[in-house]
Amino acid sequence: MNVYKLNIEDNIAAGFLKIVIYLSPIPVGIELSPKLKNLGDFVIGNDDDSDLILMPGEVNCEIYFQEHIKDLIDLFNYINYRISVAWNEVYIYLNNNLIWQGFIDKDINKLKLDRQNKTIKLSFVEQFAFVKNYDPKTNPLFYQNLNDFRKITDIIKDIFTVPFVNAYVNSIINGSTIEGRILVNYTDYITFQFSEFMASLSFYYGNNSNYSTLADVLKSILFNYNLICYMGFERKLFLIPRFVEFNNIIQINTNELLSSPNYQAISPIKGVKVKVWKGSYPKDDTNYYIYTLGNYVQGDENCEELIIDQPAGSFPGGGYSGIAVIYNSQIYWIEFDNIRYKKLDGTFSDYKALYKIIADDNWSQIRYPRLKCDIEVNGLFDKWMPGYYKLPDSDIVFRAVKFNYNFLQNSTKISLRQAGIMPSNYRLLEDNSYKINEDFSKRLLEKIIGGTYQLINYYRLTEDGQYRLTEDYNKRLI
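Note that the structure is a prediction, hence the values are computed from the model and not measured.

## Details of the packing of aromatic side chains
Under the counting rule described, the total for this entry stands at 26 aromatic pairs. For the pair phenylalanine 128 and phenylalanine 160, a centre-to-centre distance of 4.9 Å together with 25° between the ring planes defines the contact as stacked. Of this pair, phenylalanine 128 sits in the loop between β11 (119-126) and β12 (149-151) while phenylalanine 160 sits in helix α2 (residues 152-161), and the two are 32 residues apart along the sequence. Take phenylalanine 160: its relative accessible area is 1%, and that puts it in the buried class. Both rings, one in tyrosine 143 and one in tyrosine 205, keep their centres 5.6 Å apart while their planes meet at 55°; by these two values the pair is tilted. Separated by 62 residues along the polypeptide, tyrosine 143 in the loop between β11 and β12 and tyrosine 205 in the loop between β16 (198-200) and α3 (214-224) bring together distant segments of the chain. As far as the burial class goes, tyrosine 143 and tyrosine 205 line up, both buried. Aromatic ring contacts, followed pair by pair, group Phe42, Phe233, Phe381, Phe403, Tyr405 and Phe407 into a single cluster. A cation over an aromatic ring shows up here: lysine 106 above the ring of tryptophan 87, its NZ or CZ 5.3 Å from the ring centre. Positioned above the aromatic ring of phenylalanine 348 is the side chain of arginine 340, whose terminal nitrogen or guanidinium carbon lies 3.8 Å from the ring centre.

## Description of the pattern of salt bridges
Under the criterion given, the structure shown has nine salt bridges. Among the ionic pairs, glutamate 256 bridges to lysine 383, the shortest N-O distance being 3.5 Å. Taken together, the residues glutamate 256 in the loop between β19 (249-251) and β20 (262-266) and lysine 383 in the loop between β27 (370-378) and β28 (388-390) connect sequence positions 127 residues apart. According to the relative accessible area criterion, glutamate 256 is buried, its value standing at 12%. With a closest N to O distance of 3.2 Å, lysine 270 and aspartate 300 form a salt bridge.

## Details of the sheet that holds strand β21 (residues 271-277)
Across the sheet, three strands lie side by side as β22-β21-β23; this open sheet has mixed pairing. Each edge of the open sheet is held by one strand with a lone partner, namely β22 (288-294) and β23 (303-308). Across this sheet, the average inter-strand angle for adjacent strands is 15°, counted without regard to direction. Across the face of the sheet, helix α4 (residues 354-366) comes into contact with β21, β22 and β23 while running at roughly 20° to β22.

## Considering empty space enclosed by the protein
A complete count under the given rule lists three cavities of 30 Å³ or more for this structure. The computed volume of the largest cavity comes to approximately 60 Å³. Around the largest cavity, the lining residues are Leu52, Leu222, Phe223, Asn226, Leu227, Arg242, Leu306, Ile358 and Asn362. Within the residue set of the lining of the largest cavity, elements represented by two or more residues are α3 and α4. Looking at the lining of the largest cavity, its residues break down into six nonpolar, two polar and one charged. By volume, the second largest cavity is sized at about 40 Å³. In this structure, the second largest cavity is lined by Ser202, Phe203, Asn208, Ser209, Asn210, Trp277, Tyr281 and Lys283. The class makeup of the residues in the lining of the second largest cavity is three nonpolar, four polar and one charged.

## Examining the nonpolar core
Phe124, Phe160, Phe197 and Phe407 are the most contacted members of the largest nonpolar core, which totals 132 residues. Setting aside residues up to four positions removed in sequence, phenylalanine 407 forms contacts with Ile12, Ala13, Ala14, Leu17, Leu39, Phe42, Leu94, Ile99, Leu380 and Phe381.

## What to know about the packing of α2 against α3
Packing of α2 against α3 leaves a shortest axis separation of 11 Å and a crossing angle of 150°. Relative to α3, α2 is oriented roughly antiparallel. Crossing geometry of α2 relative to α3 is assigned as left-handed. Residues Ile152, Ile155, Ile156, Ile159 and Phe160 of α2 form the contact with α3, whose participating residues are Leu214, Val217, Leu218 and Ile221. Across the contact of α2 with α3, the residue classes tally to nine nonpolar, no polar and no charged.

## Here's the deal with the side chain of serine 123
As for its position among the elements, serine 123 is in strand β11. In this structure the side chain of serine 123 is engaged in a polar contact, spanning 3.3 Å, whose partner is the side chain of asparagine 60. When near neighbours in sequence (up to four residues on either side) are disregarded, serine 123 contacts Glu58, Val59, Asn60, Phe103, Ile104, Asp105 and Lys110.

About the criteria used
Residues numbered from 1 in each chain as written. Predicted model: local features only at pLDDT ≥ 70, side-chain atom pairs only at ≥ 80, totals over all residues. Heavy atoms only, no water. Phe/Tyr/Trp six-rings, centres within 6.5 Å; stacked < 30°, edge-to-face > 60°. Helix = DSSP H or I, 4+ residues; strand = E, 2+ residues; numbered from the N terminus. Buried < 20%, exposed > 50% of the residue type's maximum accessible area, 1.4 Å probe, protein only. Lys NZ or Arg CZ within 6 Å of the ring centre and 35° of its normal. Salt bridge = Lys/Arg side-chain N within 4 Å of Asp/Glu carboxyl O. Pairing = 2+ DSSP bridges. Axes fitted to C-alpha atoms, helices over the stretch in contact; angles between N-to-C directions. Contact = heavy atoms within 4.5 Å. 1 Å grid on protein atoms, 1.4 Å probe; cavity = no way out; pocket = protein on both sides within 12 Å on 5 of 7 lines; lining within 4 Å. Points joined across faces, edges and corners; volume = space filled by probe spheres on them. Nonpolar A, V, L, I, M, F, W, Y, C, P; charged D, E, K, R; others polar. Core = buried A, V, L, I, M, F, W, Y, C linked by side-chain atoms within 4.5 Å. Parallel < 35°, antiparallel > 145°, perpendicular 65-115°, else oblique. Left-handed = near helix turned anticlockwise from the far one by under 90°. Polar contact = N/O pair within 3.5 Å; in protein donor to acceptor, adjacent residues only side chain to side chain.

Shown next, in the form of structure tokens:
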């Protein structure tokens, strides 16, 4: 009995579910239509607060067959053979929308046959597992010219799209507020968003690559720009700052909670060591500039180590780090102390070195105790997606580190980690996200004779995060 494709279809709480399993490179031949017996949670991420790549984990599926037991045993043996010789594709649809694609897990211990109940248990792995160990030295994405410059966001997206005939990811959601400036004609500063940052492909790929796998390339980029990468079920790749910046914050309402938050404490980090590459080879400790904060102890689980390969501008050892932008069709390098980001209150940080932003601003959060909690809410990924959340009756902003989507019950368990504190003067938008009030005003005080203060001007915060003088600028005494 040769089976080339399995279709599993069922109406569940989340909607119409369809799972298609290809057991041959050419999907033709006999088709069976087994029934869905059970479906495990769809999981994105894990409980590790410091993990940078949060991908869909394995999906466990149990299917029932009405066919004769002999046919079922033949099918089981055929699946066992197929996973031993090839990666077998799996596509999962919800309400006819593709939400997941990958392969049957090659671990034969996860393939099980229940003869009495006529069921087969399968485990599926997301497609990124197939390519994450490619060697960057071999130019596995087949770039024609490694000296070309490419946007950082496109370099990230390529890792999830180029190796696949049918790429799952079709867009990137960029949550970074980092921006850099260049000096033009020695007189004018021009500012560029992170989405416009570029790097030479040769920095990551080719014979001189210092990375062992594609996953290492991705992790290095994420570390470098203080990002977390989430793979969503809407065929989107989310890039989220590790700690909340001026991003949308989703308000969770009490009537959406299926369980009460159970808060726990996260131990503070004792110290951080930042290793900034000097630009010289080999990449060992002799060619890294070391920057420490707090009481860093090697090997202590309550200490963190960050490795920065592109500090912006000149390396500490000379030469340029490779962060570039294009202005008037020319390549410009972003200099060392010309990076900033938009803070949660809508204002910008001071311009500083990129590694200082990553180190100093992270350290300001992780050096103190933080909170974590697990919640359960109704609905799935169309409501609960990677990003930041605020719970009822609290000003704490959380970042989601793990989602457990239960399609059979149409519910989601979310693991949250504190990522900031909500400042005052925010308002709730119609989409349940928060933004700072556009008319939030700032009065500037000047000390005058006699030790008193005079209100010299009246400013308001504009949409671009800058303070502008209002029309009512009369001086008043207080």
